[in-house]
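# Examination of the molecular architecture
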Amino acid sequence: MEMKPKLLIVEDDPNLGQILREYLEVKGYEPTLCTDGEAGFTTFARNSFDMCILDVMMPKKDGFTLAREIREKSKTIPIIFLTAKSMKDDTIEGLKIGADDYLTKPFSMEELLLRMKAIFRRTNGSGGEATLQFEIGSLYFDAHLNLLKSPTEEIKLTSKENALLLLFCQNLNKTVDRAEALLKIWHDDSYFNARSMDVYIAKLRKYLKEDERLRILTVHGQGFKLVELK
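What you are looking at is a predicted structure, and each value in this text was computed from that prediction instead of being measured.

## Considering the sheet that holds strand 3 (residues 51–55)
Overall, parallel pairing links the five strands, which are arranged 2-1-3-4-5 in an open sheet. The open sheet has two free edges, formed respectively by strand 2 (30–34) and strand 5 (101–104), since each of these has just one partner strand. Sheet twist, expressed as the mean angle between neighbouring strand axes with direction ignored, is 15°. As defined by bridge partners, strand 3 adjoins strand 4 (residues 79–83) across four bridges and the pair is classed as parallel.

Here you go:
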């Protein structure tokens, strides 16, 4: 079964929210809809998403506040703002927070989809379809099959090993933030889960020893980095 990109939509207009959810489902995404900022943050903290689409003007918690809280949990997840205003100050505020794009209402669904695909291409090299096969050194990794193959053996990965190696491969030669990895895979960055992640990283290091060019480096105070030495 192909993994669909997961979207968090936070929109207080029930009609627009429903239209967005149904349209993006048809287009091959897996959207979750929340109708206020507080519910949006709770849902984000408990789940893993590939993109956030946030209304600016919402009850309980506005989109800018929500985006700041999301950015504290994830520095890299793409964010698109939906705003009823065309004011320059709103645009600047959104970009300061780290928004990847914004759309002023009313907008067409096709325009939203095109902008989403452009962001996905910039961030992970695809149009929103997750890449699940990787060649790293002399190894072949298929995240769809939980399979890591070397010239001499095949290793069937556990779900956590698979998710962690996928995250490293998607960020090859880049530092993966420890807290962000914990939230994305374990959905909780507790001490117990951090120790559990260390165990899985030790296992992955053992698997990758098959190719001496591959290393999972510890970046002290930040996280880990999968590198392929030349």
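## Points about the packing of helix 7 (residues 178–186) against helix 8 (residues 191–208)
At a minimum axis separation of 11 Å, helix 7 and helix 8 run at an interaxial angle of 90°. Compared by their axis directions, helix 7 and helix 8 come out roughly perpendicular. On helix 8, the residues that touch Arg178, Ala181, Leu182 and Trp186 of helix 7 are Asn193, Ala194, Arg195, Ser196, Met197, Asp198 and Tyr200. The residue makeup of the contact of helix 7 with helix 8, split by class, is six nonpolar, two polar and three charged.

## A closer look at the side chain of Ser150
Structurally, Ser150 can be placed in the loop between strand 8 (147–149) and strand 9 (154–156). Residue classification places Ser150 among the buried residues on the basis of a relative accessible area of 15%. Excluding anything up to four places from it in sequence, Ser150 contacts Ser138, Leu139 and Glu210.

## Notes on unusual backbone geometry
Put simply, Lys105 and Pro106 share a cis peptide bond, and its omega is -5°. Counting through the fold element by element, Pro106 comes out in the loop between strand 5 and helix 5 (109–124). Despite not being glycine, Asn146 shows a phi value in the positive range, around 55°. Look at Asn173: it is not a glycine, yet its phi comes out positive at around 65°. Inspection of the secondary structure puts Asn173 in the loop between helix 6 (159–170) and strand 10 (175–177). Note on Asn173: relative accessible area 43%, which makes it partly exposed.

## Overview of a positive patch on the surface
Taken together, the side chains of Lys27, Lys117, Arg121 and Arg122 define a basic patch exposed on the protein surface. Mapped onto the secondary structure, Arg121 falls in helix 5.

## Brief notes about the nonpolar core
Counting 30 residues, the largest nonpolar core has Phe141 and Phe168 as its most contacted members. If we ignore the near neighbours within four places in the chain, the residues touching Phe168 are Val176, Ile201, Leu204, Ile216, Phe224 and Leu226.

## What about the confidence of the model for the chain?
When pLDDT is averaged across the chain, the result is 86; 90% of the residues are at 70 or more. The element-level mean pLDDT for the chain is lowest in helix 4 (residues 88–97), coming to 67, with strand 1 (residues 6–10) highest at 96.

Parameters at a glance
Counting restarts for each chain, with residues numbered from 1 along the sequence as it is written. Local features in this predicted model are restricted to residues whose pLDDT is 70 or higher, and side-chain atom pairs enter the listing and the counts only when it is 80 or higher, whereas totals over whole chains, interfaces and linings include all residues. Values reported for side chains reflect all heavy atoms of the structure, with hydrogen atoms and water molecules removed beforehand. Strands are labelled as partners when DSSP assigns at least two bridges between them. Counting from the N terminus, the helices are the DSSP runs of H or I reaching at least four residues and the strands are the DSSP runs of E reaching at least two. Axis lines are fitted through C-alpha atoms, for helices just across the contact stretch, and the angle between N-to-C directions can take any value from 0 to 180 degrees. Angle categories are assigned with fixed cut-offs, so that under 35 degrees is roughly parallel, over 145 is roughly antiparallel, 65 to 115 is roughly perpendicular, and the rest are oblique. Any two residues having at least one pair of non-hydrogen atoms within 4.5 Å are treated as being in contact. Classification convention: Asp, Glu, Lys, Arg as charged; Ala, Val, Leu, Ile, Met, Phe, Trp, Tyr, Cys, Pro as nonpolar; all other residues, Gly among them, as polar. Throughout, exposure labels follow a simple rule: accessible area from a 1.4 Å probe, protein chains only, divided by the maximum for the residue type, with under 20% read as buried, over 50% as exposed, and the rest as partly exposed. Any residue with relative accessible area above 30% and no salt bridge may belong to a patch, with like charges joined within 9 Å and the nonpolar Val, Leu, Ile, Met, Phe, Trp and Tyr side chains within 5 Å. Every accessible area reported is derived by Shrake-Rupley at a probe size of 1.4 Å, with residue values counting cover from the shown protein chains alone. A side-chain nitrogen of Lys or Arg and a carboxyl oxygen of Asp or Glu constitute a salt bridge if their distance falls within 4 Å. Only four residue types enter the tally: Lys and Arg on the positive side, Asp and Glu on the negative side, with His and both chain ends excluded. A charge is said to be at NZ when it belongs to Lys, at CZ for Arg, at CG for Asp and at CD for Glu. Definition of nonpolar core: a set of buried residues of the types Ala, Val, Leu, Ile, Met, Phe, Trp, Tyr and Cys, connected through side-chain atoms within 4.5 Å. The quantity called pLDDT is the predictor's confidence in a given residue, expressed from 0 to 100.

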